[in-house]
Amino acid sequence: MSSPSAPDPSRRTVLATGSALGGTLLASGLPLQQATAADRTEGTRPAGDPWRTVLDDADLVWQRMPTAWYEGPFLGNGLLGSGIYAEPGAASTAVRFNIQHSEVQDHRPEFGSLFGLARLPIGYFTLEPVGAITGLDWRLSLHDAELTGTLTTDKGTLALRALIHNDRSVLAVEVTASEGERGFRWVFHPADAISPRAAFKPLPDGYQGNPPAQVAGHDGITAAVQPLLAGGQHVTAWRERARGRTRTLYAHVAHSHPGTTALGRALKAVRRTEQLPYSALAVDHRAWWHAYYRKSFLSLPDARIQRFYWIQLYKTASAARRDAPVMATSGPWLEPTPWPNTWWNLNAQLEYWLIHGSNHLELDAITRALSEFRDNLAQETPTPYRADSLGIPRTTDPQLVNGAAGSLMGYGVGVPGQDPPTPEVGNLTWALHNVWLSYRHTMDRSILQDVLFPLLRKAINYYLHFLEPGPDGKLHLPATFSPEYGGDSRDCNYDLMLLTWGCRTLLDTAELLGVDDPLAPRWREVLAKRAPYPTDDNGFMIGADIPFAKSHRHYSHLLAVYPLYEVTGRTPDERALIERSLAHWVGFEGALQGYTFTGAASMSALLGKGEDALGYLGELMTRFIQPNTMYKESGPVIETPLSAAQSLHDMVCQSWGGVIRVFPALPATWADLVLHDFRTQGAFLLGARRENGATRWVRLVSEAGAPCVVRHGIAGPVDVRDGQGRPLRHVDLGDGAVQIPLRKGESALITAKGDRPDLTVAPVRPNEEAPRWGLPRV
């Protein structure tokens, strides 16, 4: 396995780009050869269309009744979401179809983001058969984003198909009943419009729930209108349409504030949809999903993990869209939770990492939201610093508003050296690292110029108000808070690491944009004089005042290692520091949670330790991941399984520091692996094939003409050819790396000298069979 320490170009060279892409993501331009029946070998998965093959293989199945949200099917389109499982306390008589929406929230900022601005539960439908439920056979098709199957009762059967339409945002459930079940019914149950946190924490003084929903008919359509004390409403409207023995439920949710337009919009959405038979409605819905999956491809020989990966791509597109709210901790599937809003000290960041490598920047709500609601961020920054600084609270609503701050109602942006409020000040800088990743993976100059630079400049400026020289001549931070560890510390690593990354990125970006910024000398001074990261014999400390000395799920003290890649093990001492810090962190059992193991897997991948990375993912799967691949602590927490998909990305490709590393951290059991149109930093689309433990070929398309350095991992001399098979000029950098001067739109294929491998993109053979996700028969 190649060493992860490639010769790195300068950061400014790496950041440079020839032109903006304006957000348009181009096709690879390389011919995709698909396997045919003749390519099949005994024991492989079915060939043909490789996407259809891996997606069909990853479908979740239920042959036992799911009894909770973390067991059952889930549907969504970034806005409307439905989780499907047995009605609690009535598993033999009803199936719940939860109805939730990522825009539905309260609007009382005086009670903070956790109560007054919280996501509000809407309600649920129950499908109530005539007879007692005796069995089911369901399949969630990832390819079509559709649930199909049968429900069996002692009176007959109900055959169903269900989807949440991608564009119309309508839940459609078609049910065809046998004779004994023709009397089945749908019942809607409005939820109490109160913050879900009320079930876990005491209510703020003066807080009360919103009044009950009002259910009434409107010319054949029924609507549950939920008035809000702050003004406005959310409305669930539905109608059931019969066609022969088949009946189809159509339901839509709308939200409005402060006006009461939601009712009219919800009724209109149902009226324009319920005229369509389910089969007609499904056509363009399926077309969107089919095109979505084809933006990238990954197959590996671990059947369980490969299925998990494709389910996460389905889950992400069900929960996220660029124009939808940044995902709350539960995504659109709101359930009882103490976290009924968006969390910015880890959750939001981890939720969106996988969109880059999987080539799904169309889901990037973080860049859009930080840009659109930047003025609200100014209002959330402590008053004395609003003129030139920005911060983001630990929790916000979709418009990035926290409202009243306090440990009960929502955590605002603190002030270094003061407590209360808790001085947690690095969250905006970390969120802007996600924006930087979106820039680096597209080289879209508008992201850099319009969003990253102006917001990062103000986020870092907030730190600059508090940096002070110490007796040692170094610049020090007063006490701040490392997320979730407890206690405030001077020179907190969470903040020092983000400050360092931010100053370095600002300098690089200013040079690239041609900006002569008056703060540049101060940024350089910070990089030259800031206090070193506090360490002890166990590795990185929380800060100068607090050692890492107890079990802790969060890696806030290790951000310079991952995801910032500021400390990467370039020297033996630095590598030893990372290894020591990682081992010490995960060595404390007790408070470790799922994302502990995704972070540990990605840090191991940085070090090229594929076996360790796989081991950590195995711990995650065994200890934390639920039957439908959801994850829970006190309530739904969506970021952990999504970040596990990013850990897998980190094992198969890394592109930090201007070097594309192909298969940098694979375990020995992954002898075969295929990638297609994997998006890397520098706006390259990568394809690669590993066979019998060796890389056979690597191909790249440049979308922006950025510098191209590839550690391909192919043993011995290589050929580098263009899309027409002609030799391409390149520089051999040694240690399995080449530099290729690719212009925008050009492609390169790297193979062993004289080798002409089969470039077919097809699923690889699984090492062994594995159970499907869901609840298959035991």
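1. So, the overall build of the protein
Argument step 1. Helices and strands together make up the secondary structure of the protein, namely 18 helices and 36 strands.
Argument step 2. At 26 Å, the protein has a C-alpha radius of gyration in line with the 28 Å of a compact globule built from 778 residues.
Argument step 3. Principal-axis analysis of the C-alpha atoms places the extent of the protein at approximately 75 × 70 × 45 Å.
Argument step 4. Taking all contacts inside the protein whose residues are at least 6 apart in sequence as the whole, residues at least 24 apart take part in 69%.
Argument step 5. About 26100 Å² of surface is accessible on the protein, with carbon and sulfur atoms providing 50% of the total.
Argument step 6. Taking the 74 positively charged and 80 negatively charged side chains of the protein as two groups, their mean positions are separated by 4 Å.

2. Quick word on helix α17 (residues 610-623)
Argument step 1. With 14 residues, α17 should reach 20 Å at 1.5 Å per residue; the first-to-last C-alpha distance of 20 Å fits that figure.
Argument step 2. Here α17 has its buried residues at Gly610, Ala613, Leu614, Tyr616, Leu617, Leu620 and Met621. Seen end-on, α17 carries its buried residues on one side only, within an arc spanning 160°.
Argument step 3. Contacts made by the buried residues of α17 are with α6 (303-319), α15 (572-586), α16 (594-606) and α18 (639-652).

3. Remarks on the pattern of salt bridges
Argument step 1. Considering all chains together, one arrives at 36 salt bridges under this definition.
Argument step 2. Between Asp106 and Arg108 there is a salt bridge, with its nearest N and O atoms 2.8 Å apart. You'll find Asp106 and Arg108 in the same group, each marked buried.
Argument step 3. Look at the salt bridges and you will find they share partners, linking Arg689, Glu691, Arg696 and Asp755 into a network.

4. Looking at the side chain of Thr337
Argument step 1. Looking at the secondary structure, you find Thr337 in the loop between α6 and β17 (342-343).
Argument step 2. Residue class for Thr337 comes out buried when judged on its relative accessible area of 0%.
Argument step 3. If near-sequence neighbours (up to four positions away) are discounted, Thr337 is found in contact with Pro196, Arg197, Phe200, Thr329, Gly635 and Pro636.

5. Focus on the nonpolar core
Argument step 1. Ranked by size, the top nonpolar core spans 225 residues in total, and within it Trp310, Leu370 and Tyr555 carry the most contacts.
Argument step 2. Counting 10 residues, the second-largest nonpolar core is a separate cluster that includes Val235, Ala237, Ala254 and Ala262.

Procedures and definitions
Within each chain, residues carry numbers counting from 1 in the order of the written sequence. Given that this is a predicted model, residues contribute local features only at a pLDDT of at least 70 and side-chain atom pairs are listed and counted only at 80 or more, while totals for whole chains, interfaces and linings are drawn from all residues. Excluding hydrogens and water, the side-chain values take into account all heavy atoms of the structure. Numbered from the N terminus, helices here are DSSP runs of H or I no shorter than four residues, and strands are runs of E no shorter than two. Between the two quantities, the radius of gyration covers C-alpha atoms and the globule rule is 2.2 Å times the number of residues to the power 0.38. Contacts were defined at the residue level, with two residues in contact if any of their heavy atoms lie within 4.5 Å. Using a 1.4 Å probe, accessible areas were evaluated by the Shrake-Rupley method; residue-level cover was limited to the displayed protein chains. Under the counting rule used here, the positive set is Lys and Arg, the negative set is Asp and Glu, and His together with the chain ends is not counted. All charge positions are set by atom: Lys at NZ, Arg at CZ, Asp at CG, Glu at CD. By this rule, a helix spans an expected 1.5 Å times one less than how many residues it contains. Burial classification: accessible surface area is computed with a 1.4 Å probe over protein chains only, and a residue below 20% of its type maximum counts as buried, one above 50% as exposed, and the rest as partly exposed. Note that the arc is computed from the directions linking the helix axis to the C-beta atoms. Any Lys or Arg side-chain nitrogen found within 4 Å of a carboxyl oxygen on Asp or Glu counts as a salt bridge. Nonpolar core, defined: a set of buried Ala, Val, Leu, Ile, Met, Phe, Trp, Tyr and Cys residues in which side-chain atoms within 4.5 Å join the residues together.

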